[in-house]
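Each chain, written out:
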Protein chains: 2
Amino acid sequence: MEHPKLEKVLAGITPADADAIHRATERQGQLTKPPGSLGRLESLSVQLAGIFGTERPSPKGKTVIVAAGDHGVVAQGITGYPQEVTAQMVLNFLGGGAAVSVMARKADVELVIVDAGVASDLPDHPALKVVGAGKGTADISVGPAMTREQAELCVNAGIGFALDAAEVGSDIIGTGDMGIGNTTTSSAIVAVLTERSPLETTGRGTGRNAKEMEHKTEVVEHALMVNQPNRSDGLDVLSKVGGFEIGVLAGVILGGAYAKRVVVVDGFISGAAALIAGSLCPHVYDYVIASHRSAEKGHKLALAHMKLKPVLDLGMRLGEGTGGVLAMGIVEAAATCLSDMATFAEAGVSDREPEGAESEGVVEGAR
Amino acid sequence: MEHPKLEKVLAGITPADADAIHRATERQGQLTKPPGSLGRLESLSVQLAGIFGTERPSPKGKTVIVAAGDHGVVAQGITGYPQEVTAQMVLNFLGGGAAVSVMARKADVELVIVDAGVASDLPDHPALKVVGAGKGTADISVGPAMTREQAELCVNAGIGFALDAAEVGSDIIGTGDMGIGNTTTSSAIVAVLTERSPLETTGRGTGRNAKEMEHKTEVVEHALMVNQPNRSDGLDVLSKVGGFEIGVLAGVILGGAYAKRVVVVDGFISGAAALIAGSLCPHVYDYVIASHRSAEKGHKLALAHMKLKPVLDLGMRLGEGTGGVLAMGIVEAAATCLSDMATFAEAGVSDREPEGAESEGVVEGAR
């Protein structure tokens, strides 16, 4: 199926529906509960109304797109696992044994597994989507990770996966990642796009001690110095210090927003992809829900920069889309409360007298 | 069906299975993910192993027991809604229009609706369980809420509801409440059992301003002065400053632990019930998961006293079991990760070399 490409997608992403947001906020006040008592579920529900253009959103179908890619920067010894693990984990996803596999099965979430650019050979598999951007990126501490053409190829592929998912009936689209070394490249992306130092954005990843982390931080600093990514150009940042799977996920986020679906973004690596997507088109954030706060240190800064408030905070730092799968249940609960609860009038429940000055309303912003 | 009564239940609640906890902790270290990277899901999964006595727990069936009761203390004007709302909301539960109704439907959770002691007349309904402890409690600011016999009746009824749920196949049992005025009685219970002042345990409830909250705090202080509840006797606390639905929920928690099921406790009112259950038998906490941190102020103190860490923190303060329904999805995800993920050996994924001194393991305690 022919999908629109990046330029058309960027031009086609519109802000959420302000009228629907207004109607949803009104409706929240009529439902049989004290105003504000559903907390974050209320603000989530209002966001969903804006995305789906109705005060009674009823999102159906859940897909998580898990993109895998390898990173040349592993040559610098910044990770605890051998590079082969990326391909081995892709096989584990396909075999149904990974964390995201079992969680998705339990929660009725479709998984789409993508080889964005894994270094090791992978066998053909009917369920594996192949982008084929390369056999892993180049080492960002020496030069750019990829060419601009490779970056565009990945983003366009991601757009296509999101639009495919939307077409087959998924209203809730999640992002997931796998890639040995990708906390290092994500730390570089987050440093550039949030204008923070690598010391602030670089966390432990799968590393085990302070010495490994210090080395990793130096590698990120070096990558930024060598590449001088242009923070006003998301594709430049992606191509210089990013990764193939991060490009695919940035595309998934853009494609989801273009298709007016809710995009549930996983943790740190997906957060780096969301920063790139948002730098290309700030309206995407209307469609994005941050599923959880990763234990990975730079994630907090990335979320703050995007003004996204994570739904969950469970000390997770696995990636794969695991946080996204968990948060989808909360998103569905938010939607059903707004859409399916009885109003005071419908249920014959007495509302209290309004009290002008101190009336509450939805406790949080629309996001 | 004849169920064991309180005394037998208290004697029959045993600690969680330490061997299964040990085996589950070992298994967590072999699963295809960096150790600790599933954060809270790992500690939850280990707790589930201890409850169900297996390192591969697979809990099936979810029930939330929603108990409703009225509170004589509403005579003191401590709430924003008329007392009739309790009965009206029971009808809303039965009609499927309340928040917990729509969320439970979406998440495949059974609801059991209990009239623990509602003041207004309720029609017979095939799905409504009637405890009939009274037409609302007496005003705790004047004297005891109920007799000790009424308290025991409620707790025994709750035990029965939990054992019924377990018998028909629910491995995950949640608590929920409805009762105009019950944040006031819960504040009193929490103050007594955590040894804190009413000023610290009394929150806004459905109240709207600082003046209402000040009055409410004074009412709680007065109730404790008048009744002098004995903090070493949970039934005394329940009967003097509690409520019928709180007694039922304390029974549900005890019954769930006795039946070796996981008990997912909702917010502030359920937390007060858990404090009573725990004061009668501290082993119950092995079986309890705190679903969320309520926005209601005293809840934090109650959780800290019970050494329970809430799974969710979504600014909710509705009750009804809504937090419990949400957390059940996380509980199921934790179980399926431990039970169904592939190990490194099974999936042919390379593990990293162990590094003695800095090895991680499960990041949190078993609860």
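Residues numbered from 1 in each chain as written. Chains lettered and ligands numbered in written order. Predicted model: local features only at pLDDT ≥ 70, side-chain atom pairs only at ≥ 80, totals over all residues. Heavy atoms only, no water.

A. Quick look at the relation of the copies chain A and chain B. In the superposition of chain A on chain B (RMSD 0.0 Å, axial shift 0.0 Å), the rotation amounts to 180°. The superposition of one copy onto the other is thereby described by a two-fold rotation axis. With an isologous cut-off of 70% or more, the 98% of interface residues of chain A that recur at the interface of chain B puts this contact in the isologous class. (Least-squares fit on C-alpha atoms with pLDDT ≥ 70 in both. Contact = heavy atoms within 4.5 Å.)

B. Examining the interface of chain A and chain B more closely. With 57 residues of chain A at the interface, the matching set in chain B holds 57 residues. Across the chain A to chain B interface the summed buried area is about 4,900 Å²; carbon plus sulfur atoms make up 59%. Here chain A is connected to chain B by zero salt bridges. Across the chain A-chain B interface, the total number found is 13 residue pairs in polar contact (both at pLDDT 80 or more). Secondary-structure elements contributing two or more residues to the side of chain A that touches chain B are α3 (40–52), α4 (84–95), α5 (99–106), α14 (322–340) and α15 (344–347) of chain A. Broken down by element, the side of chain A that touches chain B gets its largest block of residues, seven residues, from α14(A). A per-class count over the side of chain A that touches chain B returns 27 nonpolar, 15 polar and 15 charged. (Buried area = accessible area lost by both parts, 1.4 Å probe. Salt bridge = Lys/Arg side-chain N within 4 Å of Asp/Glu carboxyl O. Polar contact = N/O pair within 3.5 Å; in protein donor to acceptor, adjacent residues only side chain to side chain. Helix = DSSP H or I, 4+ residues; strand = E, 2+ residues; numbered from the N terminus. Nonpolar A, V, L, I, M, F, W, Y, C, P; charged D, E, K, R; others polar.)

C. Representation of helix α5 (residues 99–106) of chain B within the structure. Burial within α5(B) is extensive, with six of its eight residues counted as buried. By the burial criterion, the buried members of α5(B) are A99(B), V100(B), S101(B), V102(B), M103(B) and A104(B). Tucked into the core, α5(B) has its buried residues touching α3 and α14 of chain A together with β1 (62–69), α4 (84–95), β2 (110–117) and α14 (322–340) of chain B. Where α5(B) ends, the next residue or the one after it, D108(B), has phi of about 60°, a positive value. (Buried < 20%, exposed > 50% of the residue type's maximum accessible area, 1.4 Å probe, protein only.)

D. Representation of the state of the cysteines. Residue and element names in this part refer to chain A. Counted under the stated rule, the structure contains zero disulfides over all chains. Take C281: it sits in no disulfide, and the sulfur closest to it among the cysteines is that of C154, at 20 Å. Looking at C281, the relative accessible area reads 4%, which means it is buried. (Disulfide = S-S within 2.5 Å.)

E. Broad picture of the packing of helix α3 (residues 40–52) of chain B against α14(B). Residues and elements named next belong to chain B. Where α3 meets α14, the axes come as close as 8 Å, and the angle between the chain directions of the two elements is 80°. As summarised for this structure, α3 and α14 are arranged roughly perpendicular, according to the angle between their axes. Side by side, α3 and α14 meet where L41, L44, S45, L48 and A49 of the first sit next to I330, V331, A334, A335, C337 and L338 of the second. Across the contact of α3 with α14, the residue classes tally to 10 nonpolar, one polar and no charged. (Axes fitted to C-alpha atoms, helices over the stretch in contact; angles between N-to-C directions. Parallel < 35°, antiparallel > 145°, perpendicular 65-115°, else oblique.)

F. Fine view of the packing of helix α2 (residues 18–28) of chain A against α3(A). All names here are of chain A. In contact at an axis separation of 8 Å, α2 and α3 are set at 145° when each is read in the N-to-C sense. Judged by the sense of rotation from one axis to the other, the crossing of α2 with α3 is right-handed. Contact residues: A20, I21, A24, T25 and Q28 in α2; E42, S45, V46, A49 and G50 in α3. When grouped by side-chain class, the residues that make up the contact of α2 with α3 number five nonpolar, four polar and one charged. (Left-handed = near helix turned anticlockwise from the far one by under 90°.)

G. Region of the structure containing the domain arrangement of chain A. Residues and elements named next belong to chain A. Along its sequence, chain A is carved into domain 1 (6–58 + 334–347) and domain 2 (62–332). Between domain 1 and domain 2, the C-alpha centre-to-centre distance is 28 Å. Contacts between the two partners involve 20 residues from domain 1 and, on the opposite side, 26 residues from domain 2. Between the two partners, domain 1 and domain 2, sit zero salt bridges. Applying the counting rule to domain 1 against domain 2 returns 14 residue pairs in polar contact (both at pLDDT 80 or more). Those elements that provide at least two residues to the side of domain 1 that touches domain 2 are α1 (6–12), α3 and α14. Counting residues per element, the side of domain 1 that touches domain 2 draws most heavily on α3, at seven residues. Partitioned by chemical class, the residues of the side of domain 1 that touches domain 2 number 13 nonpolar, five polar and two charged. (Domains from an automatic or database assignment.)

H. The arrangement of the sheet that holds strand β3 (residues 128–130) of chain A in detail. Residues and elements named next belong to chain A. Pairing is parallel in the open sheet, where six strands are placed in the order β3-β2-β1-β4-β5-β6. At either end of the open sheet lies a strand with only one pairing partner, and these are β3 and β6 (288–290). This sheet shows a mean twist of 25° between the axes of neighbouring strands, independent of strand direction. Inspection of the sheet shows strand β1 (residues 62–69) paired to strand β4 (residues 172–178) by seven bridges, in the parallel sense. Following the sheet pairing, I65 is matched in β4 by T175. (Pairing = 2+ DSSP bridges.)

I. Representation of unusual backbone geometry. Residue and element names in this part refer to chain A. Although it is not a glycine, K260 adopts a positive phi angle of roughly 55°. Along the chain, K260 falls in the loop between α11 (244–258) and β5 (262–265). For K307, which is not a glycine, the phi torsion comes out positive at approximately 55°. Along the chain, K307 turns up in the loop between α13 (298–306) and α14. Under the relative-accessibility criterion, K307 is labelled exposed at 67%.

J. Broad picture of the pairing of β1(A). Residues and elements named next belong to chain A. Here β1 lies mainly inside the structure; eight of its eight residues are buried. Neither face of β1 is open: one carries K62, V64, V66 and A68, the other T63, I65, A67 and G69, and all of them are buried. Alignment of β1 against strand β2 (residues 110–117), held across seven bridges, turns out to be parallel. Opposite G69, over in β2, you have G117 as the bridge partner.

K. Representation of the pattern of salt bridges in the model. Residue and element names in this part refer to chain A. With the rule as written, the count across this model stands at 22 salt bridges over all chains. When the shortest N-O distance is used, the salt bridge between R148 and D233 registers 2.9 Å. One end of the pair, R148, is in helix α6 (residues 148–167); the other, D233, is in the loop between α9 (210–227) and α10 (234–241), and 85 residues separate them in sequence. Given the relative accessible area of 34%, R148 is considered partly exposed.

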